[in-house]
There are 2 protein chains.
Amino acid sequence: MRLQVVFRHVTFLLFILSLSFLFPAVYSLWVNDGLFMSFLYPLFLSFSLFLLGIQFENKEPKVKEAILVVVLTWFLFPVLSALFYIESGAIPYFADAYFESVSGFTTTGASVLSDIESLPKSVLLWRSTTHWIGGIGFVVFSLSLLPVFGAGGAQLMRFEAAKAIEEKVLPRVKETARAILVVYLLLTLSEVVLLKLCGMSLFQAINHTFATVATGGFSTKNESVGAFHSFTVEMVIAVFMILGALNLSLYYRAFRARSLKVFFSNHEVKGLLAVIFISTLFSMAVLLKEHVYTDLFTAFRYAFFQVVTAATTTGFSSTDYTNWPPSILALIMFLSLIGASSGSTAGGIKQFRFIVMLKTVYSELKKTAHPRMVYRVSIGNRVLELSILNTIWAFISVYFSTAAIFGFIIAAFGHDLVTSFSASVACITSLGPGLGRVGPAGNFGFFSDPEKLLLSLEMILGRLEVFAVFAVLLPSFWKE
Amino acid sequence: MRLQVVFRHVTFLLFILSLSFLFPAVYSLWVNDGLFMSFLYPLFLSFSLFLLGIQFENKEPKVKEAILVVVLTWFLFPVLSALFYIESGAIPYFADAYFESVSGFTTTGASVLSDIESLPKSVLLWRSTTHWIGGIGFVVFSLSLLPVFGAGGAQLMRFEAAKAIEEKVLPRVKETARAILVVYLLLTLSEVVLLKLCGMSLFQAINHTFATVATGGFSTKNESVGAFHSFTVEMVIAVFMILGALNLSLYYRAFRARSLKVFFSNHEVKGLLAVIFISTLFSMAVLLKEHVYTDLFTAFRYAFFQVVTAATTTGFSSTDYTNWPPSILALIMFLSLIGASSGSTAGGIKQFRFIVMLKTVYSELKKTAHPRMVYRVSIGNRVLELSILNTIWAFISVYFSTAAIFGFIIAAFGHDLVTSFSASVACITSLGPGLGRVGPAGNFGFFSDPEKLLLSLEMILGRLEVFAVFAVLLPSFWKE
Ligand SMILES: [K+]
Ligand SMILES: [K+]
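Because the structure is a prediction, the values reported are computed rather than measured.

K.L.:
Requested: an account of the coordination of the potassium ion (ligand 1), with residues and values cited.
P.N.:
Residues and elements named next belong to chain A. Taken together, the protein ligands of the potassium ion (ligand 1) are T107 (O), T108 (O), T215 (O), G216 (O), T313 (O), T314 (O), S430 (O) and L431 (O), with distances of 2.4 to 3.0 Å. Mapped onto the polypeptide sequence, the residues donating to the potassium ion (ligand 1) form the spacing pattern T-T-x106-T-G-x96-T-T-x115-S-L. Of the two residues, T215 is situated in the loop between α9 (202–213) and α10 (231–244) and T314 in the loop between α14 (296–311) and α15 (326–338); the sequence distance between them amounts to 99 residues.

Given below as structure tokens:
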């Protein structure tokens, strides 16, 4: 482990990410809300660190060093953002400010704030911006680095990206980042334009677009998307949540092939749409049966939006669903655990792992009656080796165990089981809102400082797909 | 599929099992409570079926036929028991009577009854007897048949039993049954004697022994074991719950080797004891911290008993723990999901699968930083092939998914999430009591008939380790 190499790359990444402070800073200057210097403060800090870092020689990080760089960056950038929240006075305490920052950067969208609308607009813009850069950051990470050292989907994603493992990770990261950035910008631009056409102000359109394409879920309204009382706004956002929850490399490939076929032949796209379709029908049926809504259209409107927001792990809400029948609430948590496409901004175990799980289980069931049967699991046109299946299973069990253990720890602080476990699921999947006290009408503000820091840790664990962070904690990681 | 062969063996098994009606029947004659004929009625019925069955030629069942025999027997014997409950007037409605019978026979111990003490004593004795025969029936099944067609642990258990797969299953079943029956009878006798020495009446001693060694959990008291207000009774029962939750073939092997070493070198024994030790310490700490109990002894007394009852999936209670801190309640459900030893009467995913999961996950974490690493998972002195690991993973995910889906279905009937999901976990793991409305002070009586039948199905699914039942539902099962 060459710590100088790690330091250099971490400080470089932190500086690059900190450039995003300029966006709300300029806005702050324009509206003249006096927060301009608060935005520059963390930027200066990261610039100083960057100047320190470039003293060290610029060497290619090896796999373990790259892991450490990513993990440290994900923990440290929210510290810079927290410094801004504290400095600006918007969120004066560290645990709160760090939680809100991690929640933004991991595109979770859980908030400690009870009255969002009372914040200065430039602060709201920064909040949404953390989603946007966290989203693109994660996609670049998952498309370029997960294939090298990632968990579960590593070998699979490598295949999908049609790339062999390379010792040199940097060129790969840069190349991916360039292609994806264009897609991400185009998605963002399209949604801003459409939301503007629906009658939103440019400010609202930009904020909600950032939170949508990053499947983040921060809103500038206390009532989230429901505040706009507009069916078209909800539909535009729903469609873009789905678009943001697809593998962003598909857009690139579709463009190069001049064909949308790559979308409709993709197993993860089909899986996500199937899950959304079935869950919407189920939710509509329950809502109508329990007389929560009495007409088909209204039931569709709210059921579809809530299903999409859960399946894409965005976490917006178009209505306060706290008092919906418990089976839909459970469904929302299940959907977020499954999640959407790999290579998207969404969380959860991801569609391809879910599909692999279903296929393996089906084969094993058949094997019960035919003990000598040998089977193969394939996804797309690729047969998965047993060792890959094993890695996927290990990932799924670590993921669920982590969710269970954090839920358990939160419960040990004295919270009720529904609140504790749904908060844990909402944080690891990057869904955002949970059930009980952390439901759509509540927030995470009532948790104590240690709890907020634990949940921040869990958000980062979930975002980095758990393995990378745990690997760093193993003694063998630090041996040569 | 030769249905005549299946019919012959099912009717034979049902008749053998029905002979157990004679035990409470004789007791009923002795106390002269007028229920004698009610006990004979299902016995006559099964005898008639048996006479029908032996018309068919006695042929060795093949694997698929054996699966069907086991599944049908597990669904049908509770029907005979339900007929008794209805006929005797003790539980007049079918869904209730079937639920109580399945709960007994699967050693779950969940009850629809609110006032157990009001039942005639011979009925209580039958209730406990269903535990006892269900327990021995399951152990014979899991030691002799699971190794042939079982899920997950199949290949592993086969190795542990030091037996190769044989096409002829019957001799294997008979041989296992003989060895295990002796162990089971000795355990039963020892506990009855000890409980008698603790001052229990012979009737109470026998009933609680049946429910203990089968890790069943039916009590003859509304307050369960807590009704005796005796620390020694609680300790005797706790020790026998643990003894009943160990692989019964270990006793046989220890006897042949004239050494207890086989116990202390067994990974499942060590795993169970470690889990109980850690969980007891944790629960004591929480109970003392939250001032539920103020002295160390009382905290140990109740924490230890409740941890053992959960880890062995027995489901007794020595106090109403409904208002204990939520983290302990969650722990109780986790413990039952892990469960105890394979080849015991306990439920859950079993210690060896849990250990395999931990070992694989640890290896995969190390692999993150060393992508080219090749690892092996071993248990005892046996290295597990990847295909075995894969079967185990599939089992675990089907098991947890089934628990989640049934919890979801119960929630869809309109129950709160804690009640729904804990009821589901309590049924699939054969724990018995859950949380919320199905907690230690509650019962399953308030569920509607369809819900009771669904939960009965889930208890059987859990008991037969899921795969066997689902396999029967696959079209490929019925093809030649
Ligand atoms: K989110
Ligand atoms: K039980």
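K.L.:
Lay out the interface of chain A and chain B in plain terms, naming residues and giving numbers.
P.N.:
At the interface, 57 residues of chain A touch 57 residues of chain B. For the pair chain A and chain B, the two sides together bury roughly 4500 Å², of which 73% comes from carbon and sulfur. Linking chain A to chain B there are zero salt bridges. Within the side of chain A that touches chain B, the residues separate by chemical class into 37 nonpolar, 13 polar and seven charged.

K.L.:
Got a sec to walk through the pattern of salt bridges? Specific residues and values, please.
P.N.:
Residue and element names in this part refer to chain B. Summed over the entire model, instances satisfying the criterion amount to 16 salt bridges over all chains. Where E290 meets K289, a salt bridge forms, and the shortest distance between an N and an O atom there is 3.2 Å. Looking at E290, the relative accessible area reads 36%, which means it is partly exposed.

K.L.:
Residue-level account of the confidence of the model for chain A, with values.
P.N.:
For chain A, the average pLDDT comes to 89, and 94% of its residues sit at 70 or higher. Of the regions scoring below 50 in pLDDT, residues 150–167 of chain A engages in 49 contacts with residues more than four places distant in sequence or in other chains.

K.L.:
So what about the packing of aromatic side chains? Which residues, and what values?
P.N.:
Applying the stated criterion to the full structure yields 76 aromatic pairs over all chains. Centroid distance A:F334 to B:F421: 6.0 Å. Interplanar angle 80°. Geometry classified as edge-to-face. Separated into two different chains, A:F334 in helix α15 and B:F421 in helix α18 (residues 417–428) make up a pair that spans both. Ring geometry for B:Y399 versus B:F400: centroids 6.2 Å apart, planes at 70°, classification edge-to-face. The class of B:Y399 is buried, set by a relative accessible area of 1%. What links up through ring pairs into an aromatic cluster is the set A:F21, A:F39, A:W74, A:F77, A:F84, A:Y85, A:F105, A:W126, A:F138 and A:F141. Over the face of the ring belonging to B:F138 we find B:R463, whose NZ or CZ atom lies 3.6 Å from the ring centre.

K.L.:
An account of the coordination of the potassium ion (ligand 2) is needed here, citing residue identities and associated values.
P.N.:
Residue and element names in this part refer to chain B. Listed as protein donors to the potassium ion (ligand 2) are T107 (O), T108 (O), T215 (O), G216 (O), T313 (O), T314 (O), S430 (O) and L431 (O); their distances from the metal cover 2.4 to 3.0 Å. Spacing between the donor residues of the potassium ion (ligand 2) along the chain follows T-T-x106-T-G-x96-T-T-x115-S-L. G216 matches T215 in its accessibility class, with the two residues each being buried.

K.L.:
Would you mind going over the side chain of B:S424 in detail, with residue names and values included?
P.N.:
Residue and element names in this part refer to chain B. Structurally, the position occupied by S424 is in helix α18. Residue S424 is classed as buried on the basis of its relative accessible area of 0%. If sequence neighbours within four positions are ignored, S424 has contacts with T402, A403, F406, G407 and E458.

K.L.:
Which residues make up the relation of the copies chain A and chain B, and what values go with them?
P.N.:
In screw terms, the move from chain A to chain B is a rotation of 180° and a rise of 0.0 Å along the axis, fitting with an RMSD of 0.0 Å. Such a turn and shift between the copies fits a two-fold axis. Take the interface residues of chain A: 100% of them recur as interface residues in chain B, which is what a same-surface contact looks like.

K.L.:
Residue-level account of helix α13 (residues 267–289) of chain A, with values.
P.N.:
Helix length check: α13(A) (23 residues) gives 33 Å between terminal C-alpha atoms against 33 Å at 1.5 Å per residue, within 8%. A:H291, located one to two residues past α13(A), shows a positive phi value of around 60°.

K.L.:
Explain the nonpolar core to me, using residue names and the numbers behind them.
P.N.:
In terms of nonpolar packing, the biggest core is built from 323 residues, with A:F77, A:I237, A:F444, B:F77, B:I237 and B:F444 touching the most fellow members. Leave out the neighbours within four places in its chain, and A:I237 touches A:E191, A:L195, A:M200, A:H208, A:T212, A:V225, A:F305 and A:F316.

K.L.:
Help me get a handle on the UniProt feature "binding site: K(+)" (unreviewed entry) in chain A, residues and values and all.
P.N.:
All names here are of chain A. Cross-referencing UniProt, the feature "binding site: K(+)" (unreviewed entry) maps to T107, T108, G216, T313, T314 and L431 in the present numbering. For this annotated set, covering 325 residues, all C-alpha atoms fall within 8.9 Å of each other, a compact arrangement in space. In this structure, T107 sits in the loop between α5 (94–105) and α6 (121–149). Given a relative accessible area of 0%, T107 falls into the buried group. If near-sequence neighbours (up to four positions away) are discounted, T107 is found in contact with H131, G134, G135, A214, T215, G216, T313, T345, S430 and R463. Of note, L431 is situated in the loop between α18 (417–428) and α19 (449–463). In this structure L431 touches T108, G216, T309, A310, T313, T314, G315, I332, M333, S336 and A426, once residues within four positions along its chain are discounted.

K.L.:
Any chance you could break down the side chain of A:E100 for me, citing the residues and the numbers?
P.N.:
Position of A:E100 relative to the elements: it lies in helix α5. Residue contacts for A:E100: discarding those within four places in its chain leaves A:Y85, A:I91, A:A110, A:S111, A:V112, A:L113, A:R127 and A:F218.

K.L.:
Describe the packing of helix α17 (residues 386–412) of chain A against α18(A), and please don't skip the residues or the numbers.
P.N.:
Residues and elements named next belong to chain A. The interhelical angle for the contact between α17 and α18, taken along N-to-C directions, is 140°, at an axis separation of 8 Å. For the element pair α17 / α18, the angle class is oblique. Along this stretch, α17 crosses α18, giving a crossing that reads as right-handed. For the pair α17 and α18, the contacting residues are Y399, T402, A403, A404, F406, G407, F408, I410 and A411 in the first and L417, S420, F421, S424 and I428 in the second. Its residues assigned to classes, the contact of α17 with α18 comprises ten nonpolar, four polar and no charged.

K.L.:
Would you mind going over a nonpolar patch on the surface in detail, with residue names and values included?
P.N.:
Residue and element names in this part refer to chain A. On the surface, F12, L13, I16, L19 and L22 cluster together into a nonpolar patch covering about 390 Å² of accessible area. Among the elements that take part in the nonpolar patch, helix α1 (residues 3–18) stands out by supplying three residues, more than any other. Within the element layout of this structure, I16 appears in helix α1. Overall, the relative accessible area of 41% leaves I16 in the partly exposed class.

What counts, and at which threshold
- Residues numbered from 1 in each chain as written.
- Chains lettered and ligands numbered in written order.
- Predicted model: local features only at pLDDT ≥ 70, side-chain atom pairs only at ≥ 80, totals over all residues.
- Heavy atoms only, no water.
- Donors = N, O, S within 2.8 Å, 3.2 Å for Na, K, Ca; no water.
- Helix = DSSP H or I, 4+ residues; strand = E, 2+ residues; numbered from the N terminus.
- Contact = heavy atoms within 4.5 Å.
- Buried area = accessible area lost by both parts, 1.4 Å probe.
- Salt bridge = Lys/Arg side-chain N within 4 Å of Asp/Glu carboxyl O.
- Nonpolar A, V, L, I, M, F, W, Y, C, P; charged D, E, K, R; others polar.
- Buried < 20%, exposed > 50% of the residue type's maximum accessible area, 1.4 Å probe, protein only.
- pLDDT = per-residue confidence, 0-100.
- Phe/Tyr/Trp six-rings, centres within 6.5 Å; stacked < 30°, edge-to-face > 60°.
- Lys NZ or Arg CZ within 6 Å of the ring centre and 35° of its normal.
- Least-squares fit on C-alpha atoms with pLDDT ≥ 70 in both.
- Expected span 1.5 Å × (residues − 1).
- Core = buried A, V, L, I, M, F, W, Y, C linked by side-chain atoms within 4.5 Å.
- UniProt positions renumbered as here; feature names shortened; annotations may be inferred.
- Axes fitted to C-alpha atoms, helices over the stretch in contact; angles between N-to-C directions.
- Parallel < 35°, antiparallel > 145°, perpendicular 65-115°, else oblique.
- Left-handed = near helix turned anticlockwise from the far one by under 90°.
- Patch = residues over 30% accessible without salt bridge, like charges linked within 9 Å, V, L, I, M, F, W, Y side chains within 5 Å.
- Areas by Shrake-Rupley, 256 points an atom, 1.4 Å probe, with all protein chains shown as cover.

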